[in-house]
Amino acid sequence: MASEVELRRDVKRRLAELGIDPYPHAPKGAVTPVREVVRASSPGSAASVAGRVVGIRRHGGLVFFDLVDDGYRIQCSVSRGEVSRDLFDFFEKFVDVGDFVYVAGQVYYTKRGELTIAVSDLQLLAKALRSPPVKWGHRIVDPEVRYRKRYLDVMVTPQVRRIFEIRFRTIEEIRRFMWDRGYVEVETPVLQPIYGGAAARPFKTYVEALGEEWYLRISLELYLKRFIVAGFSKVFEIGKNFRNEDIDVEHNPEFTMMESYEAYADYNDIMKLTEELVGTVARRVLGTDVVEFPTGGEPVKINLSPPFRRTSLYDAFREFAGIDVESMPDDEVKEYLRKYSIRLTGGYDRGRAVVKLFDRIVGREYLIQPTFVTDFPRSSSPLAKPHRSRPDLAERFELYVGGMELANAYTELNDPELQASYFREEEERRRLGDLEAHPFDWDFVEALEHGMPPTGGLGLGIDRLVMVYAGVASIKEVIPFPMVKPREFEQKRG
RNA sequence: GGGCCCGUAGCUCAGCCAGGCAGAGCGGCGGGCUUUUAACCCGUAGGUCCCGGGUUCGAAUCCCGGCGGGCCCGCCA
C-alpha cells in the first residue's frame, strides 16, 4: 500500500497532466482575511478567502469543508447541484486536508446556523504532501512531536497558538510600555570577548576573523551600563541570553530577557516600574490582571495589580519559614546547607549560602502572589551597590510570582574601584572552583572610571512572565522552538 | 549528576506482569449518502513492535547495553 506522501505525489502528477500548477504564485482573486468575513459578513454577500483545509465532511452531492486562515476558521460548502461538474470533481479528486485553497462564493447560514461560504470558484494554492497529525482543534499528545515540530502543534491546536499570541503580544506591549516612559531601545553584542552580568556558564564560540575564542552573552547588563556611561539616560533591550546550564521546566539554555537601565533612579524606583509593567502589560494583553497559574497541580488565582507585596529577604525567612537567618551563627547556616544538600562551589560564603537557602526554602514554596524580595547579602551581588544603611546588604530586589524568580534588579554599582574589588572576589571564587563566578571585566571597570550616574537597573525574564500570563507551568510551552536533542528521522520516500 | 516511568500502524493506545498467529478506534484508500461540523454506513490496505546484543525450540513480551522522551530531585545567586 502506498504511503500518504506517495498518494499525494500522485495527485500532483495528475494535476500536472491537466496543466494545473499545484503551487501557483498567487491566488487568482482578491483575498479577504477570514477574520473579517467571520466578523462582518451578512448572508447573501460575496466573499473570497484563502486558507488551509482542516476538515472535510462529504455527503454525496454536498461537501462541507473547513478553512483556517490566520487562526480563524470558516465553513465552506460545495454542492454538486449548484456548481459546475468540473469544480465539484476537482474538489473530490484533488483537494485534501492540509492543502491551501482559494475560494469565492456567497455567504449563507446552514440549517444549524453556521456561517458558510457556498463555493462557486475554487483554486488550489498549495498542495500538502502530508496531512496534519491530528484533526484540527485537537491536541498532539506526544511531547516529542509538540516540541520538535512546533509548527504542527500551533497549526492544529488553537490553545497552543493562543499561548504564542500572548507571548508576542507581551513583547509588543513591553516595548510600548517602555517607549511610553521615554526609554530608548538599544542593541548590544550577542558575541562577547568576556561574558558577564550573571552567574552562569557560557557557550563558547570561535571568531575566525580574530583567531580568538569568544562567548555568547549570558546577560545584557554590562553593555547596557556602558550606554548609561555613554550618556543615554534610559535604555532597554529585549534579547536572547545563553546559559550553558541544564534544561528543566523553568530553564532553557536560550531564553529571552528584557533589561533596562535608568539614570538617576534607584531600586525603589525600579520596583515601581516593574510592578506597573507587569500589571499594565497583563491588562493590555489579557484584558485582566488576574491570572490562573498552576502551582503543585492546582490552579491558583494570582493578582498582578500593583502594588506588589514587599519584604526583605531576612523578613521573608522569618515570616514564611520561621527561621531567623540574620542572627544565625555560621555553623547553623552550614547545618542548613547540609540538611538541604546544597553544595557551595568557590568556598563557603555566608551571603551566597543564605541566597541558596532562600531559593530552596522560601521562594518556590511561598512566593506565589507577586512579591518583591529586597536587600540581598552584599557578597551575593557583585554588580549591585551596597545598601545605603546596611553595609552587609546590597540594594537589590527579586520579583517572585508563582514561585518563580521573574525579575532581578539593583541600584547599580557605579564606583569603579569597588567594582574592581568585587571582580577580584569573583576571581578568587573562580580559582576555588566556582565555574559560574564572574570573570574580571577590565574594560567595564574602565568604563565606570569615566563616570556612571547613579542608576537603577532591571532584568526581567520574558519567558517566565509569559508563563504567568498564559497560565502554563513549563517554559517549553512558551518558547516557540525549545531546545531538544536532534534526532535523525527516517525519510520515507517512494 | 541521581531516581522513576515511557517508546507497538500516520495518530491515540491495547497486548508485556504469566514468552506461542501483532490488535482496536481514529485517520487513509474504495463504495454509498445534498445541511454536516470529531458527520454517518459498508468494505479495505497499512508494522524495522526505538536500536543492538543475550536467554529460549520460540521474544513486542524476559535479561543486558544504547538511543530518544517525560516527570521528580540536585544544579541554574
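Residues numbered from 1 in each chain as written. Chains lettered and ligands numbered in written order. Predicted model: local features only at pLDDT ≥ 70, side-chain atom pairs only at ≥ 80, totals over all residues. Heavy atoms only, no water.

Chain-level pLDDT for chain A is 91 on average; 97% of the residues reach the 70-or-more range. A low-confidence stretch, residues 488-494 stays under pLDDT 50, and its non-local contacts, those more than four residues away or across chains, total 7 contacts. The ipTM value of the predicted complex is 0.86, and its pTM value is 0.93. (pLDDT = per-residue confidence, 0-100. Contact = heavy atoms within 4.5 Å.)

The end-to-end C-alpha distance of helix H8 (residues 267-286) is 28 Å, a good match for the 28 Å that 20 residues give at a rise of 1.5 Å each. The backbone nitrogen of Asn268 has a side-chain oxygen 3.0 Å away, supplied by the residue at the start of H8, namely Asp266. In the stretch just after H8, Gly287 is the one whose phi turns positive, near 80°. (Helix = DSSP H or I, 4+ residues; strand = E, 2+ residues; numbered from the N terminus. Expected span 1.5 Å × (residues − 1). Polar contact = N/O pair within 3.5 Å; in protein donor to acceptor, adjacent residues only side chain to side chain.)

Structurally, Thr311 can be placed in strand S14 (residues 309-312). With relative accessibility at 8%, the residue Thr311 sits in the buried group. One polar contact links the side chain of Thr311 to the main-chain amide nitrogen of Ala316, over a distance of 3.4 Å. (Buried < 20%, exposed > 50% of the residue type's maximum accessible area, 1.4 Å probe, protein only.)

Right, let's talk about the packing of aromatic side chains for a bit. Scanning the model with the defined rule gives 13 aromatic pairs in all. Measuring from centroid to centroid gives 5.2 Å for Phe423 and Phe440, while their planes differ by 40°, and the two rings are tilted. In this pair, Phe423 is assigned in helix H12 (residues 416-431) and Phe440 in the loop between H12 and helix H13 (442-449), connecting sequence segments 17 residues apart. We classify Phe440 as buried; its relative accessible area is 9%. Three or more aromatic residues link up through ring pairs in this structure, and these residues are Phe423, Phe440, Trp442 and Phe444. The aromatic ring of Tyr223 is capped on one face by Arg226, whose charged end is 4.4 Å from the ring centroid. (Phe/Tyr/Trp six-rings, centres within 6.5 Å; stacked < 30°, edge-to-face > 60°. Lys NZ or Arg CZ within 6 Å of the ring centre and 35° of its normal.)

Time to look at the environment of Val101. With respect to the helices, strands and loops of the structure, Val101 is situated in strand S4 (residues 100-109). A C-alpha to C-alpha distance of 8.7 Å links Val101 and Lys127, two positions 26 residues apart in sequence. Those residues in contact with Val101, other than ones at most four positions away along the chain, are Val49, Ala50, Gly51, Val53, Phe65, Leu67, Val95, Gln123, Leu124 and Leu125.

So, on to the protein's contact with RNA strand B. Taken together, 55 residues sit near RNA strand B, with Arg112, Glu114, His251, Lys356 and Arg360 positioned nearest. Within 4 Å of the protein, the atoms of RNA strand B are drawn from sugar and phosphate moieties in a proportion of 56%. For RNA strand B, a base oxygen lies 3.3 Å from a polar atom in the backbone of Lys111. At 3.0 Å from a phosphate oxygen of RNA strand B is found a main-chain nitrogen or oxygen belonging to Ala199. If one sorts the elements of the surface near RNA strand B by residue count, helix H11 (residues 350-366) sits on top with 5 residues. By residue class, the composition of the surface near RNA strand B is 14 nonpolar, 12 polar and 29 charged. (Near = heavy atom within 4 Å. Nonpolar A, V, L, I, M, F, W, Y, C, P; charged D, E, K, R; others polar.)

Another aspect to go through is the sheet that holds S4. Around the barrel, which closes on itself, the 5 strands sit in the order S1-S2-S3-S5-S4 with mixed pairing between neighbours. Strand after strand, the sheet turns through a mean of 55° between neighbouring axes, direction not considered. As defined by bridge partners, S4 adjoins strand S5 (residues 115-126) across 10 bridges and the pair is classed as antiparallel. Paired with Val107 across the two strands is Ile117, which belongs to S5. Strands in contact with helix H3 (residues 85-94) are strand S1 (46-59), strand S2 (62-69), strand S3 (72-79) and S5; relative to S5, the strand with the most contacts, it is inclined by about 70°. (Pairing = 2+ DSSP bridges. Axes fitted to C-alpha atoms, helices over the stretch in contact; angles between N-to-C directions.)

What follows is about the sheet that holds strand S6 (residues 184-185). Ordered by their spatial adjacency, 8 strands build an open sheet running S6-S10-S11-S18-S17-S16-S15-S14, and the pairing between neighbours is mixed. Both edges of this open sheet fall to S6 and S14, since each of them pairs with a single strand only. Where strand S11 (residues 254-263) meets strand S18 (residues 455-461), 7 bridges bridge the pair, whose relative direction is antiparallel. Across the sheet, the residue bridging to Tyr261 is Gly457, located in S18. Strand contacts of helix H6 (residues 158-180): S6, strand S10 (234-242), S11 and S18, with the helix running at about 155° to S10, the strand carrying the most contacts. Contacts from H8 reach S11, S14, strand S15 (371-377), strand S16 (393-401), strand S17 (404-411) and S18, with the element oriented near 10° to S16.

This next bit is on the nonpolar core. By size, the foremost hydrophobic cluster in this structure holds 46 residues, and its most contacted members are Ile174, Met178, Met258, Leu277 and Leu304. At the level of secondary structure, the elements contributing two or more residues to this core comprise H6, S10, H8, strand S12 (290-295), S16, S17, S18 and helix H14 (462-470). Other than its neighbours up to four places away in sequence, Ile174 contacts Ile238, Met258, Leu277, Val281, Leu460, Ile462 and Leu465. In terms of nonpolar packing, the next biggest core, distinct from the first, is built from 28 residues, Val11, Ile74, Val78 and Phe91 among them. (Core = buried A, V, L, I, M, F, W, Y, C linked by side-chain atoms within 4.5 Å.)

Let us look at the packing of helix H9 (residues 313-321) against H11. Following both chains from N to C, one finds H9 and H11 inclined at 50°, their axes separated by 10 Å at the closest point. As summarised for this structure, H9 and H11 are arranged oblique, according to the angle between their axes. The crossing of H9 and H11 is left-handed. Listed contacts from H11 to Leu313, Tyr314, Ala316, Phe317, Phe320 and Ala321 of H9 are Val354, Leu357, Phe358, Ile361, Val362 and Tyr366. Counted by class, the contact of H9 with H11 contains 12 nonpolar, no polar and no charged residues. (Parallel < 35°, antiparallel > 145°, perpendicular 65-115°, else oblique. Left-handed = near helix turned anticlockwise from the far one by under 90°.)

To continue, consider the domain arrangement of chain A. We note that the domain assignment places domain 1 (4-126) and domain 2 (154-493) within chain A. Of note, the centres of domain 1 and domain 2, computed from C-alpha atoms alone, are 49 Å apart. (Domains from an automatic or database assignment.)

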